[in-house]
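Given next are the chains, with one letter for each unit.
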Amino acid sequence: MISYREAIEIITAQSRLLEAETVSIENAIGRILTENILSPEVLPPFSNSAMDGFAYRQKDLDHSERWTLNIQGTLAAGDSFSPEAKTAFQGAWEIMTGAQVPSDCDCVIKVEETQRNGSQVTLLKRGSSGDNLREAGADFKVGDPIAVKGTRLLPEHLMAFAALGIPNIQVRKRPTVSILSTGSELAESPEKGSGKIRNSTAPYLVAELRALGAEPTFLGVVEDEPRIFIDHIKAQVEKGTDILLSTGAVSMGKYDFVASALRDLGAEIFFHKVAIRPGKPLIFARLGKTVFFGIPGNPVSTNVSLRFFIEPYLRASLGLPKETAKNFRIKTTIQKPEGLKCFFKAQSIFHEGQGEVSILAGQESFRIAPLLLANAWAILPEAGTEVSSGTLIEVLPLHSWTEKETL
Ligand code: AMP
Ligand code: MG
């Protein structure tokens, strides 16, 4: 049985960097940028009002009794405004949020701080120059960095691209991933007494893979019988699918046929079993251009296989650096099996500047409930049967795609 470190070396050595392609920002969520994006424009594009109120010139108040100004006109968001239009002496513009502020006005007072009398407005307080103005370029100047090469695009990046008129961007192509669930026990609507259960891991894999920047396809469920499984594998290899995943049937049971099916197909099997918990019986193989991960069927084994094996493969294919774990202090002493690296569902928090991590109760690989409380994975080293309270251990977030690389 190989160690986790050895397994990751084998997996990353099998990866190949994918090409870049151009996509519209509507299709860019979760994709990995292959170019640096700098702001081509200023934002806001023009000086505009942050409030509904009145735009005026501070200096006009010096000569105005009771700060009363003559209303010159109304400016709404979207109104064009001639640059030559001048604000009259002791004049004010009724102005709406987002409307262009005349260039000779240096202040907007909000409507709540004014009193209107017909065509005049009295200010209840004297504002300061710059009040309630959103200056052109206050948010972005031309050339400001928006996102750098290697960024995983989040919704806020798309907001910035849209605001700055960037319709298309270059990203890494998505690896195609096909998913096959094995198990005669899997059914869509299990009847009482049938011994069947629902397929919980296929929807999880599809969702998580999509978030990670891959292009997943669920091929369906195959019963614990190798013939159909083999046909599926042949079809995917012929199609040139980048990654093929199957769940279940990799352990030592009578119906665990995946390893022998791979051998019959002449696959190059790199490893079967890694010194970890959960997810020990993982298989990694190659058939032609397609790499194959045979994932154990229990839900949390599937989580761990995706997070700690398939994800590093995807990161290498997408040109992303290896993730680095943070060191957090473990809050209670925890028992573990000797010789196995453990990936445990955990809760991490910062307390007085120090990262702390609690291992959640219920680490068995069939339990989904603790995952709903978890925000992190606690990673315990192979050696030893106990990790004592206060020890620094490695922690990674539950999902890497929620982590934002800073500019
Ligand atoms: P296996 O790896 O095939 O031995 O399956 C291990 C355990 O995971 C068994 O209890 C299976 O019923 C369960 N299991 C396998 N596949 C799934 C799945 N897609 N969804 C939920 N449970 C599964
Ligand atoms: Mg099974």
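All of these numbers come straight from a predicted model, not from anything done at the bench.

Sorry, what's going on with the sheet that holds strand β6 (residues 91-95) here?
Working definition: the strands of a sheet are paired by backbone hydrogen bonds and lie parallel or antiparallel to each other. Spatially, β7-β4-β6-β5-β9-β8 is the arrangement adopted by the six strands of the open sheet, whose pairing is mixed. Of all strands in the sheet, those with a lone pairing partner are β7 (107-110) and β8 (114-117), marking the two edges. Averaged over all pairs of adjacent strands, the angle between strand axes in this sheet comes to 35°, irrespective of strand direction. As defined by bridge partners, β8 adjoins strand β9 (residues 120-123) across four bridges and the pair is classed as antiparallel. When the sheet's bridge partners are listed, Thr 114 is paired in β9 with Leu 123.

Even after reading the chapter, I still don't get the pairing of strand β23 (residues 354-359), so can you show me in this structure?
Regular strands show a simple pattern: their side chains alternate between the two faces of the sheet. Strand direction decides the pairing type here: strand β20 (residues 326-330) and β23, joined by two bridges, are parallel. Bridging from a neighbouring strand, Arg 329 pairs with Glu 356 of β23. Sheet analysis places strand β22 (residues 341-351) next to β23, joined by six bridges and oriented antiparallel. Each residue of the ladder has a partner; that of Ile 349, found in β23, is Glu 356. The turn linking β22 back onto β23 is made up of two residues, and Glu 352 within it adopts a positive phi angle of 50°.

Looking at this model, I keep getting lost on helix α3 (residues 201-211). Mind explaining?
Inspection of α3 places Thr 201, Ala 202, Leu 205, Val 206, Glu 208 and Leu 209 among the buried residues, and these make up the whole buried set. Buried residues along α3 sit against β13 (176-182), β14 (215-222), β15 (243-247) and α6 (299-317).

Whenever I open this one, the environment of Ile 330 confuses me. Can you help?
With respect to the helices and strands, the residue Ile 330 is situated in strand β20. Judged by relative accessible area, Ile 330 falls into the buried class, the value being 2%. Considered as a pair, Ile 330 and Ile 393 are 63 residues apart in the sequence and their alpha carbons are 6.6 Å apart.

Help me understand the pattern of salt bridges, please; the structure alone is not making it clear to me.
Two side chains with opposite charge may pair up if their charged atoms get near one another. One pass over the full model with this rule turns up 14 salt bridges. Across the pair Arg 31 and Glu 21 runs a salt bridge whose closest N-O atoms are separated by 2.5 Å. Note that Arg 31 is positioned in the loop between β1 (20-24) and β2 (37-38) and Glu 21 in strand β1, a separation of ten residues in sequence. Asp 242 is the salt-bridge partner of Lys 289, the closest N and O atoms lying 3.0 Å from each other. In this pair, Lys 289 sits in the loop between β18 (283-287) and β19 (290-295) while Asp 242 sits in the loop between α4 (226-239) and β15, placing the two residues 47 residues apart along the sequence. You can call Lys 289 partly exposed: its relative accessible area is 48%.

In this structure, what is going on with the packing of α3 against α6? I would like to understand it.
Helix-helix packing is described using two parameters, namely the angle between the two axes and the distance between the axes. Taken N-terminus to C-terminus, the directions of α3 and α6 make an angle of 25°; their axes are 11 Å apart at the nearest point. The orientation of α3 relative to α6 falls into the category roughly parallel. The hand of the α3/α6 crossing is right-handed. Here Thr 201, Tyr 204, Leu 205, Glu 208 and Leu 209 of α3 come into contact with α6, specifically with Pro 299, Thr 302, Asn 303, Leu 306, Ile 310 and Leu 314.

Cut-offs and rules
Residues numbered from 1 in each chain as written. Chains lettered and ligands numbered in written order. Predicted model: local features only at pLDDT ≥ 70, side-chain atom pairs only at ≥ 80, totals over all residues. Heavy atoms only, no water. Pairing = 2+ DSSP bridges. Helix = DSSP H or I, 4+ residues; strand = E, 2+ residues; numbered from the N terminus. Axes fitted to C-alpha atoms, helices over the stretch in contact; angles between N-to-C directions. Buried < 20%, exposed > 50% of the residue type's maximum accessible area, 1.4 Å probe, protein only. Contact = heavy atoms within 4.5 Å. Salt bridge = Lys/Arg side-chain N within 4 Å of Asp/Glu carboxyl O. Parallel < 35°, antiparallel > 145°, perpendicular 65-115°, else oblique. Left-handed = near helix turned anticlockwise from the far one by under 90°.

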